[in-house]
Structure formats: C-alpha cells, structure tokens
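So the chains spell out like this:
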Amino acid sequence: MDRSIGDMPTLPGGSERSWKGILQPGSSFGRYRVHRFLGRGGMGEVYEVEHELNGAHYAMKVLSSEIPQTPENISRFEREAKVMARLEHPNVISVDYFDETDGKYWFRMELARGIEEGVVTLGDLAARNGGRIGQGLLVCLFEQILDGLSCAHEKGVIHRDLKPGNILLAHSDEMAGGIVPKISDFGLVRLVGQDWLLHKTLISTQQSLGERATEETKDSQGLSTQSLVGTYAYMSPEQKQRRLIDERSDIYAVGLMIYRLLTGYANPGEKIRKKDSTLHAFWQRIVDQSVREDPEDRFATAAAMLVELRRGHRVLASLDGKASLQKSDVEFQAKRCYTANRYLDEASMIFPNDTEVLEFRAVMREQLDILQELKIKMQNFRRLKKYGDALAVSQQFCAVCIEDEDINKFIVEYPELVTREQLRQLIEEASWFLEAEEFEAASQAAQKALSVDPEDGRARQIHGQALAMLKKMQIQHTREQVSKGLHKTHSLLRQKRYAEALDTLRHTPCSDSIHPKVIALRNACQAGLKTIRQYWEKAEEARKSSDYQRAISLLNKVLHGVAPEDPGTIERLNRLRSEVKELSAASTEMDHAWKNGSYKKCLAAADRILAFQPEHPKARECKVECTDKIQSIQPYIDKAEEYCQNQQYDKAIATLEQTKRHYCLRKRNAKDDAGIETQHTA
C-alpha cells in the first residue's frame, strides 16, 4: 500500500478487509481531484488530492465512514484539525484548512512524499537497512523529532501513538543531509480525553499546585475516554493500564523507538529491561531513562530529553560519519548510486559543513539528476510502447547505476514486451483488415501473429474467419465469372464472332463442365469456326492457282454472312488484297523492264512475283532469260574494266559500245545496269 503518511492505526472494531474507501481514485471531491488512497489513521481516511485551480498536491483526511456522524465525533474531528493547525513546526505535519463537502467532513494537510520511492516513513527507512538506522543519522533525526514533539507538548497536545510508521520523511534543501522527519496522525488525541488536552495549560497550573486530575470522563456513547487505544508495542505502562497520561507517555514511546531502531528488535518491550551490551553507553542511558515504569523517573519533558540527546551528538556523529562517507564512495564506485546516496545522507547529517562531504554531495546530485532524467525518458518511451528506445535509455542508466528496480525489471521484461507489442499490433492490424473486409490482408496479418505466438486465440480466430470469408468470396466470384462468361459467349455467338466466343468460353471457370448449356455453346462456336476454316481453305486453293478474284469472293462471303466481324477472315482478306496489289505492280514493272532491256530490274520484279506465286509461268521464263543475258554481258564488262585499269580508255569505250549494240541495250542509264554504265562513264 502507498503510505505517504505511514503505518496508520486501525480503529477498534474496524476490519481492513471489509473496508471500502469513501473517495475513489480518479473522482472529483469539491475542488480537488482524488489521486490515490494513502492510508487510515485516527478517525479518518487519508488521500492524495490535487487542487483543480493551482495544481498543488495535498494529503486530505476525511472523517471515516466507520465513525458515527454524530455532533460529538464531528466536533472531535474538527478539534483534531484545529490542534494540528496550531502546531506550526517544521517537524510536524501542518494542517491549513477544514471544511465539509457533500456531507463529508475533511481537513487538508501537508503531503510528505518520502525521501525516495518506497521510503516514506521512519519505519520504511529502517526496513530498507535491515531494521536498523546508524547512530549518527539516528541522533540527527530524533533531535528534530523531539523538537517537534516538544512544540506539541507546549501547546497541550499529547500524541499517544508515536511509532516509526507515524514519523514521515521529507526532503529539504535547507536541512543538512536533506532529510526532515515530520510527526503525523494526531487522530487518537481526539478519541482519548481531548477536552483535557485542550485545557493542558490549566491542568499544568493545577499540577504545579499539587492537584492532579484523575477523574475519568465519558463520551456521548458512554465510552471511557481513557479506553485502550494506540499501538500496543509502543504504549507506556500507564497507557496500557488505562490510567491518566501526560507527555511522559510520548517520551516512553520515543525511547522504545530509539531502542528498536538501534537494535533491530521487532518487539522492543521484551528486552528493554536488561542492559544491552550492543548499545553505546550514551544510548543505554537515554533509553533507560525514557522507558522506566514510573513516569516520575523518566525525562520530565521532551525538551529535557532533547537537551540530553544533543550532549552526545558530536560523539555519536563521529562514530558513524566517516564510515558512512567511505561506504558511500565504495557503493558509488560499484554503480549502486541509491545506496551510496543513502550513506551520503547519513554523512551529510553528521558532517553538514565538511568539504569532502559537500563536494561528494554535488557530484552525487548531478549524477542522480542525470539518472532521474534517464528514468523519465525510459518511462515515457515505455508508455508510448517504443521499447527499443526505452531499452537503449535503460542501458545508459545501467552504465551508471545498477540497482534501480524499475529499470532492471524492464530490461528483464523487454523481450516479452516486444513480443507482446508485436503480437498486439499484428492482431490489431488483422482485426482492422477483417472489419474492412480485406480478408486476404487479414489472413496474412493473422498468420504473422501466429508465427509470433501459435497459441494466441484471437489470432487463430481472425485467421479462421478470414479464410472462411475468402472461400465464400471465391465461390461467389467463380459464380459471377461463370455467369458473365456464359452471357458474353452467348452474346458473341449471336454476333457470329465464333473465335472470340470460344476464347471467352475457354477462360470461363466452367469451360470443362459437362453441363448441357456449356456443351451447346462450345459446339456452336466450333461449328461456326469449322465453316469459316472451310472458306479459308477454298480461298487458299484459289490463291495458289492465281485465282485471286475467287479467293477474295470466298472471304467476302464469310464476312457478309458466316461471320461478319471475324478477325481472322479480315486479316486474310487484307493480306490477299495486298498480295494482289503487289503482284500487279511487280508484273507491270517486269514487262516494262524487259521491253527496255533492263535485265537486272526485270529479274528483281520476277523474283517478287515468284515469292507470291512460285509457279507463275511468265515470271519463271523471264527470270531464266534475264539471268542468261546478265551472264553473257558480264565478260565484256570485266574486259572493259581491265582496259580501264590499264588506262586504255578508248578500247574500254569501244568494248562497251559493241556490247550495247550487240544486245540492243537502248535508253540505258546507271540505274539500269550499274556495271556497264560505270565503265562507260570511266
């Protein structure tokens, strides 16, 4: 339990298990925001609250629901607030406001946060050190405690429930060592003879005259105001016997606390009567005079005990001061900064002005500030689930300090946190895809999640749902494809586009189906294509026989009746027309070249005709004759070239002219016969 106010006593008749808080964390109460429950003490329950206007944090004590809301109890609760408000002392928890909200009575107190996490009370400090506190630190703390207690006694207030859990600890830059103890929880004062306490001044006057008030009073419920209340282990004998008490009862409790914190005994009352050889003689004297059976034999006042304690301060401090400083240095070098700081706090309280201590304190504060910044960064990264960044910061932290529980715990948990975050993100992504009906992506994301944790139920559920929806969608998609394919095939058949219809049917998922409708469509397509191929074959035969007119006529019949938009037929018809055009041009060119004696040009035209019609008679004949002519002319050309090389140009010209006349080569130019004309020009 978080205890910013220490181990608070439980009221008689109350059950901690059956208790339910008056206020709930996160709720609003008047102008305050409730943060957390801190504990129970005296007549009330204590919460940490934040003022909604200025953001200041306080401890708020609310009258417990287990206390009857009678005028007398409300008055006692209010008097407790007034008593604490009068105790203006740095070592007493201050109260500055009392009010009622929604029928609940409360007062506002100073909030003591402790000196570090988990160390809020004097009891916490002792528990952290194995139940003990060093002598030097202890004397410094109890000097302040007795100073605050003396202030309370002077105002007529007896605590009656002093114990380590009711001494809160706070940091203070003004105090040497930085630790300030604060007395808290004066609630039991209200339950036991508060009227007498409020009139302490008058009673003290009467006692000085030899008169002692010994009568017992009754409250409105008929209960004795001197009933047994408080923490039994720290009660004085007169308190246990329900006799009239004064400030010396608190002194008894202080002595017991000192004994316990020096020796570590859980129940100090069992061994307090005998001399303890483990105690320094000074402490033995302090404890012995504090816990005597007869109040008359104890210190008369807290102030008197404080005077005696201060006499031994220097001696006790020297026993622990240097040892604490040495321990602090050893722990600091071992990267245990928190432990080092605790020892340094002890040394600072003992030697507040020592140069070595002050220098080490400055270094320690700088180091702790750096560690605090790193820890806050780690916590922020962890809250944002940026675990990689958080790990890097944690490793920086551990390079300086190795004893932070939160940092070490995170480093241990890091692999699991990363795995959990990765799994969470994948499942979140898969869920989003599933809701968006993107089932393929949902299935893939769920499979990735299952690769991280094969047993994750949510991932398996999403994967199963996604696969089921994919299968359903696949079936629906197949049906739609079949319907569209058959409809398109039927439409193409009506347009007599048999090739496209058959191709569409082949790409339809049901193309291999034995359904009668599919078979009928396939047969109709194949029958139409068969008819078209028959026309193509006849047209090809006509083409081979050079009957281009018939071939074109057959293809036109296909386009005008059998299949008006058949692409294969259109392609063949265009190719045939181009071939006819090419043949006509080549034939004309061949005749013209033959007439002009241009044998090479004539030969080229004949080759073009034979490329389309290998058996063309005229082209075959022309090719043979042109080849013969060219072969006959070539010797004369070679001879003319030889004359040219020997610079016998007249003979070369005469040879060429003779060849020209012999073969009737008229109107010849360089393009007609390159060989002869070249030699002629030369």
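As shown above, the structure is provided for reference.
Within any chain, residue numbers begin from 1 and follow the written order of that chain's sequence. It should be noted that, the model being predicted, local features are given only for residues of pLDDT at least 70 and side-chain atom pairs only at 80 or more, the latter also being counted only at that level, while totals for whole chains, interfaces and linings use all residues. The side-chain quantities take in all heavy atoms of the structure and omit both hydrogens and water.

**Q** Can you explain the overall build of the protein? Please cite residues and give values.
**A** When helices and strands are tallied, the protein shows 25 helices and eight strands. Relative accessible area decides the class of each residue, using a 1.4 Å probe on protein chains only: under 20% of the type maximum gives buried, over 50% gives exposed, and in between gives partly exposed. Classification of the 682 residues of the protein by burial places 45% in the buried group. Residue contacts are counted whenever heavy atoms from the two residues lie within 4.5 Å of one another. Counted over contacts in the protein with a minimum sequence separation of 6, partners at least 24 positions apart contribute 59%. Every accessible area reported is derived by Shrake-Rupley at a probe size of 1.4 Å, with residue values counting cover from the shown protein chains alone. When the accessible area of the protein is evaluated, it comes to approximately 36200 Å², of which 49% is carbon and sulfur surface. For the purposes of this entry, the term helix denotes a DSSP run of H or I that reaches at least four residues, the term strand denotes a run of E that reaches at least two, and both are numbered from the N terminus.

**Q** Which residues make up the side chain of Ser328, and what values go with them?
**A** Locating Ser328 in the fold gives a position in helix 11 (residues 313–333). Any N or O atom pair separated by 3.5 Å or less is treated as a polar contact, with the protein-specific requirement of one donor-capable and one acceptor-capable atom, and with residues adjacent in sequence counted only for side-chain atom pairs. A polar contact is formed between the side chain of Ser328 and the backbone oxygen of Ala340, at a distance of 2.7 Å. Dropping the residues within four chain positions of it, Ser328 is found in contact with Ala340, Tyr343, Leu344, Phe360 and Met364.

**Q** So what's going on with the nonpolar core? Residues and values would help.
**A** Among buried residues, those of type Ala, Val, Leu, Ile, Met, Phe, Trp, Tyr and Cys that are joined through side-chain atoms within 4.5 Å constitute a nonpolar core. The biggest cluster of nonpolar side chains holds 66 residues, and the ones touching the most others in it are Leu122, Leu125, Phe142, Val254, Ile258 and Trp283. Discounting chain neighbours no more than four positions away, the residues touching Val254 are Phe142, Leu146, Leu149, Leu162 and Met305. Core analysis: the second largest hydrophobic core is formed by 43 residues, Ala501, Leu505, Leu559 and Cys622 among them.

**Q** Quick rundown of the pairing of strand 4 (residues 57–63)? Include the residues and the values.
**A** Among the seven residues in strand 4, six count as buried, and that is most of the element. In this analysis, strands are considered paired if DSSP registers two or more bridges between them. Sheet topology note: the strand 3 (residues 44–51)/strand 4 ladder contains seven bridges and is antiparallel. Pairing of Glu48 across the sheet is with Ala59, part of strand 4. Count of turn residues in the strand 3/strand 4 antiparallel hairpin: five residues, of which Gly55 carries a positive phi of about 75°. Here four bridges tie strand 4 to strand 6 (residues 104–109), and the two strands are oriented antiparallel to one another. Note that in strand 6 the partner of Lys61 across the bridge is Phe107.

**Q** For the packing of helix 22 (residues 599–612) against helix 23 (residues 617–645), give the residues involved together with the corresponding values.
**A** Angular values range over 0 to 180 degrees, each being the angle between N-to-C directions of two axes fitted as lines to C-alpha atoms, with helices fitted over their stretch in contact. At a closest axis distance of 9 Å, the pairing of helix 22 and helix 23 adopts a crossing angle of 150°. Taken as axis vectors, helix 22 and helix 23 run roughly antiparallel relative to one another. As for the relative orientation of helix 22 and helix 23, their crossing is left-handed in sense. Where helix 22 abuts helix 23, its residues Tyr599, Lys600, Cys602, Leu603, Ala606, Asp607, Ile609 and Leu610 lie against Ala619, Arg620, Cys622, Lys623, Cys626, Thr627, Lys629, Ile630 and Ile633. Residues are grouped as follows: nonpolar covers Ala, Val, Leu, Ile, Met, Phe, Trp, Tyr, Cys and Pro; charged covers Asp, Glu, Lys and Arg; every other residue, Gly included, is treated as polar. Partitioned by chemical class, the residues of the contact of helix 22 with helix 23 number 11 nonpolar, one polar and five charged. Here the word oblique covers every angle except those under 35 degrees (roughly parallel), over 145 (roughly antiparallel) and from 65 to 115 (roughly perpendicular). Left-handed describes a crossing whose near helix is turned anticlockwise from the far helix through less than a right angle; right-handed describes the clockwise counterpart.

**Q** Quick one: what's the story with the pattern of salt bridges, residue by residue and with numbers?
**A** By definition here, a salt bridge exists when the distance from a side-chain nitrogen of Lys or Arg to a carboxyl oxygen of Asp or Glu is within 4 Å. Overall, the coordinates contain 27 salt bridges when judged by the stated rule. Here Glu579 makes a salt bridge to Arg543, at a shortest N to O gap of 2.6 Å. One end of the pair, Glu579, is in helix 21 (residues 567–595); the other, Arg543, is in helix 19 (residues 516–544), and 36 residues separate them in sequence. Assigned by exposure class, Glu579 and Arg543 land together as buried. One network of salt bridges, with partners in common, ties together Arg36, Glu48 and Arg113.

**Q** I'd like to hear about the packing of helix 19 against helix 21, residue by residue, with values.
**A** Each pair of packed helices can be summarised by the angle the axes make with each other and by the distance between the axes. Running from N to C, helix 19 and helix 21 cross one another at 10°; their axes reach a closest spacing of 11 Å. With respect to helix 21, the element helix 19 is oriented roughly parallel. Packed against helix 19, whose contacting residues are Ile532, Trp536 and Arg543, the element helix 21 presents Gly568, Thr569, Arg572, Leu576 and Glu579 at the interface. Taken together, the residues of the contact of helix 19 with helix 21 sort by class into three nonpolar, two polar and three charged.

**Q** Run through the packing of aromatic side chains, naming residues and quoting values.
**A** Only Phe, Tyr and Trp rings are paired, with Trp represented by its six-membered ring, and only when their centres lie within 6.5 Å; those with planes under 30 degrees apart are stacked, over 60 edge-to-face, the remainder tilted. According to the stated counting rule, one finds 14 aromatic pairs in the structure shown. On the numbers, 6.2 Å between centres and 55° between planes, the contact of Phe77 with Phe98 is tilted. Taken together, the residues span a long stretch of sequence, with Phe77 in helix 1 (residues 71–86) and Phe98 in strand 5 (residues 95–101) at a distance of 21 residues. When its relative accessible area of 0% is taken as the criterion, Phe77 is described as buried. With relative accessibility at 26%, the residue Phe98 sits in the partly exposed group. The interplanar angle of 25° and the centroid separation of 6.4 Å between the aromatic rings of Phe98 and Tyr105 together place this pair among those described as stacked.

**Q** Before we move on, can you summarise the pairing of strand 8 (residues 179–183) with the specific residues and values?
**A** Taking burial as the measure, the five residues of strand 8 include five buried ones, the bulk of the element. Where burial is concerned, the two faces of strand 8 agree: the one with Ile179, Pro181 and Ile183 and the one with Val180 and Lys182 are both buried. The sheet contact formed by strand 7 (residues 167–171) and strand 8 spans five bridges and is antiparallel. Residue pairing across strands places Leu168 opposite Lys182, the latter belonging to strand 8.

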